[in-house]
Amino acid sequence: MKGLIAGVAAALLAGPLLLSTPVIAAEEETPEVLAPGEGREETFYYCIACHNTALIRRSGFTRQQWDELMDWMTEKHGMNPLEGELRETIVNYLAEAYPPRRQRPPAFTNPFARD
Ligand code: HEC
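Basis of the calculations
Residues numbered from 1 in each chain as written. Predicted model: local features only at pLDDT ≥ 70, side-chain atom pairs only at ≥ 80, totals over all residues. Heavy atoms only, no water. Donors = N, O, S within 2.8 Å, 3.2 Å for Na, K, Ca; no water. Tetrahedral: all angles 85-135°; square planar, octahedral: opposite > 155°, others 65-115°. Helix = DSSP H or I, 4+ residues; strand = E, 2+ residues; numbered from the N terminus. Buried < 20%, exposed > 50% of the residue type's maximum accessible area, 1.4 Å probe, protein only. Salt bridge = Lys/Arg side-chain N within 4 Å of Asp/Glu carboxyl O.

J.: I keep staring at the coordination of the iron atom of the ligand and nothing clicks. Help me out?
T.: Reference values for coordination geometry: four tetrahedral donors around a metal ideally subtend 109.5 degrees, six octahedral donors ideally subtend 90 or 180 degrees. Within the protein, the iron atom of the ligand binds to H51 (NE2) and M73 (SD); these donor distances fall in the range 2.0 to 2.3 Å. Each of the six donor atoms bound to the iron atom of the ligand contributes to angles spanning 76 to 180 degrees, and the resulting shape is octahedral. Pair noted here: H51 is in the loop between α2 (40-47) and α3 (54-57) and M73 is in helix α4 (residues 63-77), with a separation of 22 residues, a long-range link. On the basis of relative accessible area, H51 is assigned to the buried category, the value being 13%. The exposure class assigned to M73 is buried, which follows from its relative accessible area of 14%.

What follows is the structure, given as structure tokens:
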């Protein structure tokens, strides 16, 4: 019994630590959840190592911002440096598929909102 209590206590203590790690549980996703475009598969498989695609899908950046985000992900979050042709492919895809919000129709319109 003592062991069990100690185990639970340890789990409770470890909980916040686990939550603060960068890995976000990826749900079952396939490349099709991303907007169609050249480089979608490459992007999908490179990026879901750490988080699901929600972070990508809700983002809208210019090409330069996506490019900088790749370095940020590497420096800050330990992503394998993305270089060369693959980087071109992925950044081009992201810039095409997820440009700054203004240029895209809203993904969700609140039916109760009045303007
Ligand atoms: C090594 C792990 C790792 C990989 C691989 C990775 N990311 Fe991330 N990414 C993170 C972490 C950690 C965060 C921050 C999550 C948070 O703030 O909740 C993040 C956040 C983001 C964000 C949100 C940025 C913001 O506005 O705050 C975007 C967009 C993103 N990642 C895109 C990508 C794309 C695109 C790829 C593939 C090229 C990728 N990530 C690959 C770890 C990674």
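J.: I would appreciate a short explanation of the pattern of salt bridges in the present structure.
T.: Two side chains that carry opposite charge are able to pair once their charged atoms sit near each other. Scanning the model with the defined rule gives four salt bridges in all. Put simply, E29 and R57 hold a salt bridge, and the shortest N to O gap is 3.2 Å. You can see E29 sitting in the loop between α1 (2-20) and α2 and its partner R57 sitting in helix α3, a full 28 residues away along the chain. Given the relative accessible area of 33%, R57 is considered partly exposed. The network of salt bridges with shared partners includes D67, D71 and R87.

The values reported here are purely geometric and, on their own, carry no functional implication.
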